[in-house]
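Close look at the chain arrangement
Each chain, written out:
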Amino acid sequence: MAQRKGCLIGCGVVLVLGLAAVAALVFGIGKVVDAAGKTMLEPGVYQSVNVGDPEDAVRAKMPSGESFIKGALKSGGPAEPEGTVCSWYISAADSKDGEETVFRFCFKDGKLAEKVEYRMK
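Below is a summary of the structure that appears in this document. (Residues numbered from 1 in each chain as written. Predicted model: local features only at pLDDT ≥ 70, side-chain atom pairs only at ≥ 80, totals over all residues. Heavy atoms only, no water.)

**Concerning the overall build of the chain**
The cut-off we apply is this: Secondary structure elements are taken from DSSP: a helix is a run of H or I of four residues or more, a strand is a run of E of two residues or more, and numbering for both begins at the N terminus. Remark: exposure states derive from per-residue accessible area (1.4 Å probe, protein chains only) relative to the maximum for the residue type, with buried under 20%, exposed over 50%, and partly exposed in between. To measure how exposed things are, a 1.4 Å probe is used in the Shrake-Rupley method; for residues, cover is taken only from the protein chains shown.
Each helix and strand counted, the chain has four helices and four strands in total. Taken from the N to the C terminus, the helices and strands of the chain come in the order α-β-α-α-α-β-β-β. Across the 121 residues in the chain, those meeting the buried criterion constitute 26%. Total accessible area on the chain stands at roughly 7900 Å², and carbon and sulfur atoms take up 62% of it.

Put into structure tokens, the structure is as follows:
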């Protein structure tokens, strides 16, 4: 009888832990999808803006760009121009040869100071 009770308790603990693991997996996948949505940019948007355009107008065309992926995108690109504030995005176009296209926009004094496109693995 005591063995049966112990088995039921053990099975209950395993069930609860299994449900917690599934919930954590779903939450984690949701976070990755959410981060991707904040950093994906259509190539047409990149092409449609020009250096000198007002920062507000450029940012209005883009998602926030703020996510945990930002650090990885920064590490693969050229140096940021001094005195600028930059945002990084992954191209929504298909990747080629395992590399992603990254778009970087740097702003200074309320205007787009630089836009750069580069490849990253």
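**Overview of the pairing of strand β2 (residues 85-91)**
Convention followed: Pairing between two strands is assigned when DSSP locates at least 2 bridges connecting them.
Of all seven residues that make up β2, six are buried, and the element is covered over most of its length. Where strand β1 (residues 40-41) and β2 come together, two bridges link them in parallel fashion. The partner of Met 40 across the bridge, within β2, is Ile 90.

**Looking at the packing of aromatic side chains**
Centre distance and the angle of the planes are the two values used to describe a pair of aromatic rings. The following threshold applies: Ring geometry is summarised as follows: Phe, Tyr and Trp rings, the Trp one being its six-membered ring, pair when their centres sit within 6.5 Å, and such pairs are stacked at plane angles under 30 degrees, edge-to-face over 60 and tilted between the two. To sit over a ring, a charge needs its Lys NZ or Arg CZ within 6 Å of the ring centre and within 35 degrees of the ring normal.
All told, the structure shown has three aromatic pairs when counted by the stated rule. Pairing Tyr 89 with Phe 105 gives two aromatic rings, centres 5.9 Å apart and planes at 70 degrees, and the pair type is edge-to-face. You can see Tyr 89 sitting in strand β2 and its partner Phe 105 sitting in strand β3 (residues 100-108), a full 16 residues away along the chain. An identical accessibility class is assigned to Tyr 89 and Phe 105; each is buried. Here the basic side chain of Lys 115 rests over the ring of Tyr 46, its NZ or CZ set 4.4 Å away from the ring centre.

**Digging into the side chain of Ser 91**
Selection criterion: As used in this structure description, the phrase polar contact means that two N or O atoms lie within 3.5 Å; if the pair is within protein, one of them must be able to donate a hydrogen and the other to accept it, and residues adjacent in sequence are counted only when both atoms belong to side chains. Any two residues whose heavy atoms approach within 4.5 Å are treated as being in contact.
Within the element layout of this structure, Ser 91 appears in strand β2. In this structure Ser 91 comes out as buried when scored by relative accessible area, which is 4%. At a separation of 3.1 Å, a polar atom in the side chain of Ser 91 contacts the main-chain amide nitrogen of Ala 93. Not counting chain neighbours up to four residues away, the residues in contact with Ser 91 comprise Met 40, Leu 41, Pro 43, Glu 100, Thr 101 and Phe 103.

**As for the environment of Val 85**
Relative to the helices and strands, Val 85 resides in strand β2. With relative accessibility at 53%, the residue Val 85 sits in the exposed group. For Val 85 and Leu 112, which are 27 residues apart along the polypeptide, the C-alpha to C-alpha distance reads 9.7 Å. If we skip the residues at most four places from it in the chain, Val 85 touches Arg 59, Phe 105, Cys 106 and Phe 107.

**Here we look at unusual backbone geometry**
Its identity is not glycine, yet Asp 109 carries a phi of approximately 55 degrees, on the positive side. Here Asp 109 is to be found in the loop between β3 and β4 (111-120).

**Observations regarding the sheet that holds β3**
What links the strands of a sheet is backbone hydrogen bonding, and the strands pair in either a parallel or an antiparallel sense. With respect to topology, four strands assemble into an open sheet ordered β1-β2-β3-β4, the strand pairing being mixed. Only two strands of the sheet have a single neighbouring strand rather than two, namely β1 and β4.

**Points about the pattern of salt bridges**
Operational definition: Throughout this description, the term salt bridge denotes a Lys or Arg side-chain nitrogen within 4 Å of a carboxyl oxygen of Asp or Glu.
Overall, the coordinates contain three salt bridges when judged by the stated rule. Notably, a salt bridge pairs Glu 55 with Arg 59, separated by 2.8 Å at the nearest N-O pair. Highlighted residues: Glu 55 and Arg 59, both in helix α3 (residues 55-60), separated by four residues, approximately one helical turn. Glu 99 is the partner of Arg 119 in a salt bridge, and the nearest nitrogen-oxygen pair spans 3.7 Å. Taken together, the positions of Arg 119 in strand β4 and Glu 99 in the loop between β2 and β3 put the pair 20 residues apart, joining distant regions of the chain. With a relative accessible area of 23%, Glu 99 lands in the partly exposed category.

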